[in-house]
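# Tertiary structure, described
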Amino acid sequence: MGVSSRPSRRTNLALLLLLAGALATGWLAFGVEGAPQSRAVSVVHGVLGLGILVLSPWKTVIVRRGLRRRRGHALAVAFAVVVAVSLLAGVVHAALGPLEVAGVSALDVHVASAVAAVPLALFHVVHRRQRPRATDLSRRTALRAIAVGGTATLAYGALESVTSVAGLPGAHRRATGSYEIGSGVPSAMPVTQWFTDDVPRIDLDTYALLVSRPGQPTLRLSYDDLLARVGPNQSAVLDCTGGWWAEQAWRGVRLDTLLGIPDHGSIAVRSVTGYTRRFPPDDAAQLLLATHVGGVPLSPGHGAPVRLVAPGRRGFWWVKWVEHVSVEPEPWWSQPPFPLQ
Ligand SMILES: Nc1nc2c(c(=O)[nH]1)N[C@H]1C(S)=C(S)[C@@H](COP(=O)(O)O)O[C@H]1N2
Ligand SMILES: [Mo]
């Protein structure tokens, strides 16, 4: 057996696959809202992450050998550290809940270190290349993969059982992994912006909502025009990718009462700050331009005078401070999967 076919090569390749899978399912987890899809994605994400932990003793041996042999491993060490921090923070979020230290939650740390790991992983893979071989697809590799997968699944089950038996906060998380804060009490619900947006000042006397449809003049609705069209209360869950959720009674104007159901293109919903999300035409029947929550007008932080309520979608779709709704020819998916501002 040559040096290059040491089992370490297979361990490294397995770790790479696990990391890529954990990243992909983490990304996917931000895109889904409803159980059981959310549950499935969360479980697979957790098992892949724990798989990395299962392989870490073998990786430690490889790393020790590498540290003796090579120079210039600062970036490799940084890579190992951010992966370890991300794993630890992921477990803390899942078991202990929305702990915050100086306004930073375990989930923030988990996501930020995972994002930081991506360029380091690319650099590492390019500089310490491991070539897959045809013989990697052997019976022995398959048995090892099953052993690692099985151990990681058992570890996931054990972690969930301990969390539930010990009554840790993690036992009460939603399928998405989020924790409940302020349901039924809008003032207790966090005010959250995606990245850099700020709560704008909006003068209700001069405010107007613009509604554009193809081939028709743009509609201008004042705040009073909107209030005159407000429908019944509707309960919906706002589930922020920051790791919290709240169920509230929302009231406002359903989009299909303004637009009908457009027969093609997409519905762009834009805020006074420029924050925009694009929706498939059929969503008009569920999307609500809410003016009220919990029976009272929205506060500025929660999107006054009008914010979108998008049942079944994660919080970043719930555009606040809406000023323009327009039916446009672009398909709904011609936008970044997550907002860029
Ligand atoms: N205009 C605008 N709307 C926005 C955001 C933003 O940054 N700008 N953040 C979104 C995100 S990420 C979430 S979770 C919800 C939070 O709503 P809340 O502050 O009312 O709890 O608003 C969404 N709507
Ligand atoms: Mo969010």
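## Topic: the site of ligand 1
Inspection of the region around ligand 1 gives 22 residues, with Pro190, Trp194, Asp197, His302 and Lys320 positioned closest. Contacts to ligand 1 include threonine 192, whose backbone N or O atom sits 2.8 Å from an oxygen atom. A distance of 2.7 Å separates an oxygen atom of ligand 1 from a polar atom in the side chain of histidine 302. Considering ligand 1 on its own, with 530 Å² of exposed area, one finds that the protein chains cover 100% of that surface.

## Re the pairing of strand 4 (residues 208–212)
Most of strand 4 is tucked away, with four of its five residues classed as buried. Where strand 4 and strand 5 (residues 219–222) come together, four bridges link them in antiparallel fashion. For leucine 210, the partnering residue across the bridge sits in strand 5 and is arginine 220. Here strand 4 folds back onto strand 5 in antiparallel fashion, the turn holding six residues, of which glycine 215 has a positive phi close to 75 degrees. The pairing of strand 4 with strand 13 (residues 322–328) spans three bridges and is classified as parallel. Paired with leucine 210 across the two strands is histidine 324, which belongs to strand 13.

## Regarding the packing of aromatic side chains
In total, this model carries nine aromatic pairs according to the counting rule given. Between phenylalanine 30 and phenylalanine 338, the ring centres sit 6.1 Å apart and the planes meet at 85 degrees, which makes this aromatic pair edge-to-face. On the criterion of sequence distance, the pair formed by phenylalanine 30 in helix 1 (residues 7–31) and phenylalanine 338 in the segment after strand 13 is long-range, its members being 308 residues apart. The exposure class of phenylalanine 338 is buried, given its relative accessible area of 13%. An aromatic cluster is present here, built from Trp27, Phe30, Trp194, Phe195, Phe279, Phe316, Trp317 and Phe338 joined pairwise through their rings. A cation over a ring is seen here: arginine 174 above tryptophan 245, with NZ or CZ 5.6 Å from the ring centre. For arginine 313, the ring lying beneath its charged end belongs to tryptophan 317, and the centroid distance is 4.3 Å.

## Overview of the sheet that holds strand 4
Spatially, five strands are ordered 5-4-13-8-9 in an open sheet, and the strand pairing comes out mixed. At either end of the open sheet lies a strand with only one pairing partner, and these are strand 5 and strand 9 (276–279). Neighbouring strand axes in the sheet, compared pairwise and without regard to direction, differ in orientation by 15 degrees on average.

## Let's talk about the nonpolar core
Ranked by size, the top nonpolar core spans 42 residues in total, and within it Leu209, Trp250, Leu255, Leu258 and Leu289 carry the most contacts. Residues contacting leucine 255, with those up to four places away along its chain left out, are Gly260, Ile267, Ala284, Leu287, Leu289 and Val325. Judged by nonpolar contacts, the second largest core, of 13 residues, contains Leu15, Ala22, Val82 and Leu120.

## Considerations on the environment of alanine 112
Considering the arrangement of structural elements, one finds alanine 112 in helix 4 (residues 106–127). With a relative accessible area of 49%, alanine 112 lands in the partly exposed category. Spatially, the C-alpha atom of alanine 112 lies 33 Å from that of alanine 249, the residues being 137 residues apart in sequence.

## Some remarks on the side chain of histidine 302
Structurally, the position occupied by histidine 302 is in the loop between strand 11 (296–297) and strand 12 (307–309). The buried category is assigned to histidine 302, whose relative accessible area is 7%. For histidine 302, the side chain forms a polar contact with the main-chain oxygen of proline 186, separated by 3.1 Å.

## Digging into the domain arrangement of the chain
If you check the domain split of the chain, you get domain 1 (9–177) and domain 2 (180–334). Using only C-alpha atoms to locate each centre, domain 1 and domain 2 end up separated by 36 Å. It is Phe30, Glu33 and Arg174 that lose the most area in domain 1 upon contact with domain 2, and together they represent 60% of the buried surface on that side. With a closest N to O distance of 2.6 Å, aspartate 239 and arginine 174 form a salt bridge. Taken together, the connections running from domain 1 to domain 2 amount to four residue pairs in polar contact (both at pLDDT 80 or more). When grouped by side-chain class, the residues that make up the side of domain 1 that touches domain 2 number four nonpolar, three polar and two charged.

What counts, and where the lines are drawn
Residues numbered from 1 in each chain as written. Chains lettered and ligands numbered in written order. Predicted model: local features only at pLDDT ≥ 70, side-chain atom pairs only at ≥ 80, totals over all residues. Heavy atoms only, no water. Near = heavy atom within 4 Å. Polar contact = N/O pair within 3.5 Å; in protein donor to acceptor, adjacent residues only side chain to side chain. Areas by Shrake-Rupley, 256 points an atom, 1.4 Å probe, with all protein chains shown as cover. Buried < 20%, exposed > 50% of the residue type's maximum accessible area, 1.4 Å probe, protein only. Helix = DSSP H or I, 4+ residues; strand = E, 2+ residues; numbered from the N terminus. Pairing = 2+ DSSP bridges. Phe/Tyr/Trp six-rings, centres within 6.5 Å; stacked < 30°, edge-to-face > 60°. Lys NZ or Arg CZ within 6 Å of the ring centre and 35° of its normal. Axes fitted to C-alpha atoms, helices over the stretch in contact; angles between N-to-C directions. Core = buried A, V, L, I, M, F, W, Y, C linked by side-chain atoms within 4.5 Å. Contact = heavy atoms within 4.5 Å. Domains from an automatic or database assignment. Buried area = accessible area lost by both parts, 1.4 Å probe. Salt bridge = Lys/Arg side-chain N within 4 Å of Asp/Glu carboxyl O. Nonpolar A, V, L, I, M, F, W, Y, C, P; charged D, E, K, R; others polar.

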